[in-house]
Amino acid sequence: MKRRKFITWLSVGWLAFAGATGGFFTMIIRFLFPNVLFEPPQSFKVGFPSDFQLNQVDERFKQSQAVWLVRTAEGMYALSTVCTHLGCTPNWLITDNKFKCPCHGSGFRKSGINFEGPAPRPLERYRIVLAEDGQVLVDKSVKFQYEKGQWDSPEAFLTT
Amino acid sequence: MDLKKEERHYDPEVLHRWFGISSLLFLASIVAMFGNDYVHEWKAHQREFRQADIGLTRRNLETAAVDVALRADLEAKQQQAEEQLATHQQRLDELAGLIELAEGEHHWATMRYQGSVADLGAERYQLEHALAEGEQAQKLAERFANRTAQTQAYKLESEQFQIEIDGYEAEVKRLQSDTKAASSELAELLREVSLLERKLRLIDRESMSTANKIADMIRDLPVIDFMAPSIKIGQIIINDIRDDVNFAVVPKVDRCTSCHLGIDKVGFEEAQQPYTTHPNLELFVSSGSSHPMMEYGCTSCHNGRGRGTSFTSAGHMPSSPEQGEEWREKYDWEPLVYWEEKIFPTTYTEAGCLKCHVNEPMIGGAENLTLGLAIMEKASCYGCHQIDRFEGWGRRGPNLSVVSSKLTAEFAFKWIRNPRSFRHNTWMPTFFAQTNNSSPEDVLRTDTEIHAMVAYLFNKSEPVHMPLRARPGNATRGQELFDAVGCRGCHVVEPEPLAVETDLDRMFQRHGPNLIGLGSKASDAWVYNWIKDPTFYNPETRMPNMRLSDREAADISAYLRGMRNTAFEAIEVPELDVAELDRIASGWLSKNAAEEDARAEVAGMSLDERLEFVGRRSILHYGCFSCHNIPGFEDAKPIGTPLTQEGSKPVHNLDFGSVHEIGHTNFEWFEAKLTNPRIFDRDKVKPYDEKLRMPNFYFTPTQVRAVTTALLGLVKSNLHPDKMADRKMEPQIINRGMAVIKGYNCQGCHIIDGRGGQIVQVIGDPAMSPPNLNTEGAKVHPDWLYRFLKAPTTIRPNLTVRMPTYPLTDSQWNDVIRSFQFLDGGTITFERSHTFVTGGASLAAGEFLASADMGACSKCHIMDGKNPTGNTADWAPDLALARDRLRPEWIVEWLRDPNAMMPGTRMPQPYIPSREDVDFEGAEEIFPRSVIRIAGDNEALLGALRDYIYSVGN
Amino acid sequence: MLDGIKAFLDILSKPQISFTLIIFIFPFVIPPTMWFEKWHRKLGLHLLWTRKGGLYMFAFITIILLLGFFDENFGKILGKPDNVPIIILIYSVFFFLWLSMSSAYKNDERMARGEKVEEDYGPDEKVLVWPDLVYIEMIALILMTVFLLVWSIGLPAPLEEAANPSLSPNPAKAPWYFLGLQEMLVYFDPWLAGVIFPTLIIVGLMALPYVDDNPKASGYYSFANRRASIFIFLFGFLTLWVFLIVVGTFFRGPNWNFFGPFEEWSVAKVVPLTNVNLSEYVWVKMLRIGLPSHPLVREVVGIVIVVLYFGLPPVILARGKLRGLVERLGATRYALVIFLALSMMALPIKMYLRWTINLKYIIAIPESFFNI
Amino acid sequence: MADKKKTGLLASIGDSQIWKSIFRTGVPVTRRQRMMGVLNSVFLHLHPVRLPKHAVKLKYTWCMGGLSFFLFLVLTISGILLMFYYRPTVEYAYTDIMDLSEQVPLGIMREIHRWGAHAMVIAVWLHMFRVFMTGSYKPPREFNWAVGVIMLFLTLLLSFTGYLLPWDQLAIWAITVGANMARATPFLGHEGPGASLLAIGDINLVSMTSDIRFALLGGRFVGEGALLRFYVLHCVGLPFIIAILMAVHFWRVRKDGGISTPV
C-alpha cells in the first residue's frame, strides 16, 4: 500500500517535470519562428508582357526581387536567381547563353536547367500570371520545380 | 532505499509528494503559458471570417451561371472525341514505344554533344590564352578545329533524333487534337465555376481531400502553427511612409488586415465589422485605385497603432460615447494610452487626407475636410493663428484705414459690439457678451473699449475721395439688375437665417456679404461708387468691377440702400464712461510701470489721447488687425496659437480647464472650443486681460465638425515627397490656379472642375447662365483666354449676366489659364494655328453641312455679327469668334456629341450623313460631290464643318 | 627557369595530381604498417623528423611561399588578409608535426633501447607550479599578445564592399577554416558535405577514445606504438582537412574553377564540367533506352552500389584482416569504426570518380533532394 | 610564515595587512608560500600545486590549451569593447565597422579581435593535435576529449557567427553559403532529403519559413533577422555555452589526474 503510493508520487512528479521541461524547450524552439516577417512582399507586378524583349533574359528585377524574367515566342517564365546548390546568385553570361554561378561553378541554361557544376537540380520557377490590369504578376510564394514535373503547371509559364 | 533512516532528516515520502505536487504545478503553469501564447483576438476573427468566406463562395458558386445545355453538349462532344481516340489506341501505344526508343538515343546523343560543347569551350579558352600570350598555338588550333567539326557532327546527330521525336509527337498531338479541343472548350465554359471550386477546396473542409482535411485540422495547433498556418497575422510594410519614434523614423507597419479581412474583397459590403469591405474601393485599398493598400497601408490615412493586433492596442476611437460604451461591452475596449495618433473616429476620417493633399484647395472625395478648409479661409482663422497652408493669403476683412468714409461711428460701435445684431450670418465674429465677459463689470469695460477702438479707427481713418456723385435710381429696376447681372454669384440678400446648414456649394453663393440692411450701414455715395469701381475704396478688394453704366449703378444702389435694419438702428449707444476708460488705461500702463506712475501718466493725458491709447491697446488685445487693415498695425504679429501642426499637439497640452463632460481627446476639445470659444474659462478666476479672447463665430454643428476635421488634419508629418499628392508638376499648377479661382469665387458663376455655378438657381435657365467651364482648357486658345480675362468682351449678346473685370496680376491669370489646361490633361505647348484650303472641297462640304437645310447654324449662332434667325433665348456665340477662340480639336469633339461634353446644352448634334445616307440613286441632286466623296468618314465630315466654322468672318 | 618551375608547380598542384601524389606518398611518410615502415627507412624518409629534415622542410615551404609572394598572381592570393592565417597554419602544422614526430621517434628509439621515454621522470619527480609553470605561461601570453599586436598593426582587417544580395562575388568563399567543407561541396551534395560529413567528423572525433583501445602511448609521444591510429588521424587532419583548405584557398578561382597558384585568375577560363550521373551511364550510355521514370528504378544500380559499399567490406574484413579488431571492440564499436572509415574514404573515392569518368552522382534523386 | 626573518621592501609588502588580506600568503619566496599562493588564488588554483616535470616543458605541451584560453579572454575583452561601437542592424553594421578603422580611438581592437579569432581557431586545432599525438585522450580522459571536441566545434561556430557581423560582401556570402547547407539538413531543412515526406495532403510542413535554416537566419534570406541572431549567438549565446564547457574542461583536467603522464 505504502510502496505503491510512493511510486505514484515519484513517477507523477518526474512525468510532470519532464513534460513541463520538454514543453518549455519546445516553446523556445517555437520562439525562433516569428509570426510575421519583415521581408519584402512575395508577389509583385513587373509590367506588361510587351515590355520584355523576345528571347532575352531580363535582369531588371534581379536586384530588387531576385527574379529573372525570360520571354520566348510562346510566353514568359520567372526564374529564381538563387542557385540550387548553395544559394549564390549566378550571372547571366549573354555570350555563352548560360547562367553561371560564381560560387561553385554551376551552369544553367536559359530555361533554368542545370548542365554543369555541382548544382543538383534546375533553377526554380515562380508563379507567373496576368493581373487584372494586364500586367505580369510574379508570385514568389509559389515555386515550381522541374524535377518534380511542376514546370508543366499552367501558372509556371505565362502563355502570351 | 538502502539509506538508513537516521541519515535523513525528511520523510522521503513527503518529499516525493512535494516534488510531485510542485511538478504538477509547473506543468500546469507551462500549459497556461501555451494557452496564453496561443489565444488571440485576431485568430477568432479569422476563423469567423473564413466561415463567412466559405458561405459567400458557396453562394457565388450557386449563382454562377453555367449554360446547362451548352455544358451537356460539350460533355457529349468530349465523350465522342474520347471514343474516337480509343480507336487509335494501338497506334498511340506504338508511337509511345517509338518515342521512348528515340528519346533514349536522343538522350545519349545530346549527352555526347553537350560534353563536346564543354570541351570545345575549354579548348577555345586554351587557344585564346595561348594566342594572347604569343605562344605557338598550331597544335591547339588544330585540336580546336577537329573538336569543332566533331561537335557539329554530334549536334546534327542529336537534332536528327529530335526531328524524329517531334514527328511522332506531332502525330500523337494530331490524334489527340479533338479531345484536347473539347476539354479546353469545356474548361473555358466552367472557368468561373472551377475557380470558385478551387477556392472552396482551399478553405472549406467539406470540399477538401482527407489528407488536406487532416492537415487543415492540425496546421493551426499550438507550437506547430509556424510550419504552415492558415491563421496568421496580416501585415503590410510600407517603406516610404515612416512612423516617427523620436530619435528615428521606422517604416510603417500595419496589421489591421489581421482582423479587417474583407477590406479589399468585393462581396462583404454588408458584412459586420471588422469584415466589411472598404466603402470606397475605387479610390482606396484596391490595387487599381490611387491609394492601393500595399503602398499606403491603413494607418497612414486612418491613424492608429498599426502594429496593434488587438482591438484596444490598435487605437480604435469611437465616434460617439454610445459607441464607446458598446465597444467596452463587446471588445473590452478602453482608449489606448501612450499613443497620441489614435484612429480618427469615422466622423473625422477625412482629416487623414490633408497630410498628403497639402496644397489642394478642393480635395476631391473629402467633402467635410474641404468644407472645413473653406470655413477656415472664410472665417480667416489664419489671421490670428499661423497656419502654413494659408501663408501670405492677406487680410480678408474690409479695409479700415478709410472706414470713416463708409460708416458712421455709431454703426461701428454697434457692429463691433454685436455684429449679429445687424446681420445674422456675418463672418465677423462676436467678441463681447460671451460666457466669460458678460458680467456688468465686464460689459462696462468692453463698452468703453469699443468706444476707444471706434475712436481710434475713426481718428486714424483717412478721408477717401469718392470720384462720383450718387445719382437717384429705381429700386425695382435695381433689384432686377441685381438678380440678372451676376451679383448673386457672390452675394445673397437674406433677411432671416436659412433652415439648412451651410455646405460647400452654399458657400459659393455667400462669398461676399449678405447685403440685407445695407441702407442702415453705408452712405448712398459710398455704395454707388463701390458698385461702379470697388478699387476706389480698397485697391486689394476681391470685389470685381461689373462695368455697370451710371444708371445701372444708381438703380442697384437704390435697391440696396432701400433695405434697412430698423431694429439695429434702434439700438442705443451707451455713453463713454471716462472713469472706466482711465481704469483701463492705467491697467494697461501698470503692466510696465508702477501703479502710481501709471495713474499719474493717465491723468496727464487728454481724453483723446486716452481714447487712442486704450483703443490701440484694445485692438492689439483683440487682434482686429488680423483680418482688417488698420493704420498703425501693419506689422503686428498674429495673436493666436499657431495651428500648423495642431492635429499633432499632444492632448495633455490642451487645457481642458474644469470642463469634464467631454472626453479627453483632441477632437472633443476642438469641438467644444469651436462651439463656444470661451468654454474652457468656465469656473476660472482670471483678470480680464488673461481671459480667453477667441471670438465666437457661432458655428453650426456641421461647421464645427468640418473645422475639427481640418484641424485634426493639420499634422506634423515627415512624409516622403514621393507620397505627397502634388509631387508632380501637374497638380501643383492646378492647385495654384484653383487657389485663385477659389479666392475670387469663379465657381459662384461657373462650373469648374465639376463644381459650382450656383447662380443658375437665380437665373433659372442654364442657357442664360454663365458658361460651364468644365472643358475650358481643351476648348479655347490660352492666348484668347488671357485677352478675354483681362478685358472681357461679349460672346453671347443675349445673356444679361456678365463677366466682371478682375484686378488680377498676369501671374495670377497665368495660374488660372494653366490650371484649366492641366485639368483637361493638356500641357502648355506651342501650337501651330490650324490651316485649311480656302475654297477647297473640305470647306465646301462644311458649308453645305452648316447650311440652312442641314445644320442650320445660323439659326442660333450669330454669323460674323449677323443676328440669328431663331429665338433670342437660343442665341449662341458668334461663329466668327471661333477661329480666334476655339481649338480646332475641341470643335471636332464638340460637334461629335455636344451633350456628352456639356450635359444640358442647347446645341443640337449636327447632322453628319453616313455612307448609307448618300448611297442612293440621285444622291448627287441633294448632296454636293464634296460631301458624297467623304460621306461615312465621320472625322473628315466633322473636320469639314470645323473648317467651315473657322472660315466664318474671315 | 623560374617560369618553368612555376609552370611545373602549377601542373603539380592540380588536385588530380597533387592529391594522388599525397595519397601515394603519405603512407611512406607516416607508415601505417611494417611494410611501409621498411620502405620509409629505405627511402630515408625518417630523416624528415631530424633537425636537418625539419630545416629542409622549413626551407622548402619558405621557398615556395617566397616564390609565391614575388609572383604577380600567387602574390595576390597570399597577400589577402584573410589568407594570412592559412600561412600561419601551414607553418605551425608542419612545425608541430615535425616536433611531435621527432619527439615520437626519439621516444621510440629510447624504448627500443629499453630506456624510459623522455617524458617519464617517474612519479616523484615533480616541480612546483609557482613559479615555473606560471612563469612560462605568463611569458607565452605576453609573446602571444606581442604577436597579435604586431599582426594587427601590420595587417588591417578586411572590409569589402557593403553587402549586396544580388551580386555574388566571384569566387564566393566561406571562411578559410570551412574551405575544406566547401571543397567537398564540389563533389558532394550540401546535405552530405555540409551536414552529414561535419556531423561525422565531430562524432568520429568524439568517438575516438572509445574505439581506440590501444592502451599504449598515453601521455608521451610515440609512433611505433600506435602507427595505425596516427596514420588515420593525420590522413584525415592533414590530407582531407588542411590540404583541402589549401586547395580551396589557393587553387580555387573565379567560377570555382581550378587555377594553379601561379596562374592568372581569369574569369574567362572555361573548364569542361559536364558531369554525368551513374544512372545515365547505365541506362543511356550502356543500355541506350533512356532514363526510367520512377526514381527508384532509375537509381537502382547506384543504390545497390552504395549499399554494397557500406555493407560488404565490413563483413569481409571482419572475417579476414580485421578479425582481431572485431574481437577487441565488439560488434557495435567495430561497425562504428568501419562506417566512419568508409565514410572518410568515400570522399577521395568520389573525387577520383569525378576526375576519371565525370561522375556526378551515384544516386541522383533530386525530386527528394537525395543525391549521393 | 613569519618565522623566518625577512628584510627589504618585498618582505615588508608581503607582511602588510593589505597584501595578506588579499593573498593570504606572503610574497611567494618559500616553498610553502609558493604552494599556498597557487592554492589560495582563485585563478591559479586551476593548476595543481605541483606538476610532473615534463608538464612544464613547452616541447611537450606546446602551451596551446593555455593559449586557446588566453585568446578566448582576449576575444571576450576586445569583443565587449567593440560592442560599444557596433550596432547590429543592416543600416549601421557596415558603417560602424568602417568607423572602427576610420575614427574610433584604438580601432585596432577590431584587428585584434579578428586576428585573435583566427589565432584561436589555429590554437584550438593545434591543441587537439597535441592531445592526439601524446595519446592524452585515452582513459580516463575520454570524456574530457569529447568536451574538447564540442568546444572546438563551438570555436568554429563562434568565428563563423562573427564573420557575418561586418555586413560586407565577404560576410553575407560566406553566411549565405554556410546557411544554405543547413537548408539541406535531412528532414529539418526544406531542401534536405526527407523534407518532402513531412507533408500532409498539399500542405508542406517543412518549408522555407519553417525549417532549421529559418531558425538560424530568422528570415528567408540573410537579412536583418540573421544579423541580429548571429550577433546574439556570437556575443552571448555561444560564449555562454563555451564558458560553461570550459569550466567543465578545466575541472576535468584536474579530476582526471592533471596533465597526461606516461604510465
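Bear in mind that the values here come from a model prediction, so they are computed numbers and not experimental data. (Residues numbered from 1 in each chain as written. Chains lettered and ligands numbered in written order. Predicted model: local features only at pLDDT ≥ 70, side-chain atom pairs only at ≥ 80, totals over all residues. Heavy atoms only, no water.)

A. The arrangement of the interface of chain A and chain B in detail. Listed as interface residues are 27 residues of chain A and, on the opposing side, 27 residues of chain B. Ranking the residues of chain A by area buried against chain B places A:Trp9, A:Met27 and A:Arg30 at the top, with a combined share of 24%. Linking chain A with chain B are 4 residue pairs in polar contact (both at pLDDT 80 or more), by the criterion used here. Class assignment for the residues of the side of chain A that touches chain B results in 14 nonpolar, 6 polar and 7 charged. (Contact = heavy atoms within 4.5 Å. Buried area = accessible area lost by both parts, 1.4 Å probe. Polar contact = N/O pair within 3.5 Å; in protein donor to acceptor, adjacent residues only side chain to side chain. Nonpolar A, V, L, I, M, F, W, Y, C, P; charged D, E, K, R; others polar.)

B. Region of the structure containing the domain arrangement of chain C. Residue and element names in this part refer to chain C. Domains assigned within chain C are domain 1 (2–119 + 130–156 + 174–187 + 219–256) and domain 2 (278–371). Of note, the centres of domain 1 and domain 2, computed from C-alpha atoms alone, are 31 Å apart. Tallying the contact residues gives 13 residues for domain 1 and 9 residues for domain 2. Together, the buried faces of domain 1 and domain 2 total about 1100 Å²; carbon and sulfur atoms form 78% of this surface. Together, Phe 19, Tyr 187 and Leu 240 form the three largest contributors to the area buried by domain 1 at its contact with domain 2, with a combined 51%. Linking domain 1 with domain 2 are 0 salt bridges, by the criterion used here. Counting across the domain 1 and domain 2 interface gives 4 residue pairs in polar contact (both at pLDDT 80 or more). At the level of elements, α2 (15–29), α8 (179–187) and α10 (227–250) are the ones that each hand at least two residues to the side of domain 1 that touches domain 2. When grouped by side-chain class, the residues that make up the side of domain 1 that touches domain 2 number 10 nonpolar, 3 polar and no charged. (Domains from an automatic or database assignment. Salt bridge = Lys/Arg side-chain N within 4 Å of Asp/Glu carboxyl O. Helix = DSSP H or I, 4+ residues; strand = E, 2+ residues; numbered from the N terminus.)

C. The environment of A:Leu130, seen in detail. Residue and element names in this part refer to chain A. Mapped onto the fold, Leu 130 is located in strand β9 (residues 125–130). On the basis of relative accessibility, which here comes to 44%, the residue Leu 130 falls in the partly exposed class. Between the C-alpha atom of Leu 130 and that of Phe 61, which follows or precedes it by 69 residues, the distance is 17 Å. Leave out the neighbours within four places in its chain, and Leu 130 touches Pro 49, Gln 135, Val 136 and Leu 158. (Buried < 20%, exposed > 50% of the residue type's maximum accessible area, 1.4 Å probe, protein only.)

D. A look at the pairing of β9(A). Residue and element names in this part refer to chain A. The element β9 is extensively covered by neighbouring structure, given that 5 of its 6 residues are classed as buried. In this structure, strand β4 (residues 75–80) lies alongside β9, joined through 2 bridges in antiparallel fashion. The partner of Ala 78 across the bridge, within β9, is Tyr 126. Across 6 bridges, β9 lies against strand β10 (residues 136–144) in antiparallel orientation. Bridge pairing in β10 places Tyr 126 opposite Lys 143. (Pairing = 2+ DSSP bridges.)

E. Highlighting the side chain of B:Asn368. Residue and element names in this part refer to chain B. Counting through the fold element by element, Asn 368 comes out in helix α11 (residues 367–378). Look at Asn 368 and you get buried, because its relative accessible area is 10%. Sequence-distant contacts of Asn 368, defined by excluding residues within four places in its chain, comprise Thr 347, Glu 350, Arg 705, Ala 706 and Thr 709.

F. Spotlight on the environment of B:Leu843. All names here are of chain B. Within the element layout of this structure, Leu 843 appears in helix α30 (residues 841–850). Residues Leu 843 and Asp 577, spaced 266 residues apart in sequence, show a C-alpha to C-alpha distance of 84 Å. Among all residues touching Leu 843, those that are not within four sequence positions of it are Phe 836, Val 837, Thr 838, Asp 947, Tyr 948 and Ser 951.

G. Quick look at the interface of chain D and chain C. At the interface, 85 residues of chain D touch 93 residues of chain C. Ranking the residues of chain D by area buried against chain C places D:Trp115, D:Trp125 and D:Met133 at the top, with a combined share of 9%. Inspection of the region where chain D meets chain C yields 4 salt bridges. The shortest N-O distance in the salt bridge between C:Asp212 and D:Lys138 comes to 3.8 Å. On the surface where chain D and chain C come into contact, there are 39 residue pairs in polar contact (both at pLDDT 80 or more). Counting only elements with at least two residues in the side of chain D that touches chain C, the list comes to α3 (31–40), β1 (50–52), α4 (58–61), α5 (64–83), α6 (93–102), α7 (109–133), α8 (142–164) and α9 (169–183) of chain D. The element best represented in the side of chain D that touches chain C is α7(D), accounting for 17 residues.

H. Spotlight on unusual backbone geometry. Residues and elements named next belong to chain B. The peptide bond linking Gln 273 to Pro 274 adopts the cis configuration, its omega dihedral lying at 5 degrees. Position of Pro 274 relative to the elements: it lies in the loop between β2 (249–254) and β3 (284–285). In this model, Val 285 sits at a positive phi of 70 degrees, which is unusual for a non-glycine residue. Tracing the chain through its elements places Val 285 in strand β3. Positive phi outside glycine occurs at Asp 864, with the angle close to 50 degrees.

I. The packing of α2(C) against helix α3 (residues 34–42) of chain C, seen in detail. Residues and elements named next belong to chain C. Running from amino to carboxyl end, α2 crosses α3 at an angle of 90 degrees, the nearest separation of the two axes being 7 Å. Considering the angle they form, α2 stands roughly perpendicular to α3. Across the interface between the two elements, Pro 27, Phe 28 and Val 29 from α2 touch Trp 35, Phe 36, Trp 39 and His 40 from α3. Here the contact of α2 with α3 is built from residues that sort into 6 nonpolar, 1 polar and no charged. (Axes fitted to C-alpha atoms, helices over the stretch in contact; angles between N-to-C directions. Parallel < 35°, antiparallel > 145°, perpendicular 65-115°, else oblique.)

J. Spatial organisation of the packing of α10(C) against helix α14 (residues 323–357) of chain C. Residue and element names in this part refer to chain C. It is at 11 Å that the axes of α10 and α14 come closest, and there the two elements cross at 45 degrees. In terms of orientation, α10 and α14 fall into the oblique class. Handedness of the α10/α14 crossing: left-handed. In this structure, α10 uses Ile 232, Phe 235, Gly 236, Leu 240 and Leu 244 to contact α14, whose residues at the interface are Met 344, Met 345, Leu 347, Pro 348 and Met 351. Of the residues that constitute the contact of α10 with α14, the class distribution is 9 nonpolar, 1 polar and no charged. (Left-handed = near helix turned anticlockwise from the far one by under 90°.)

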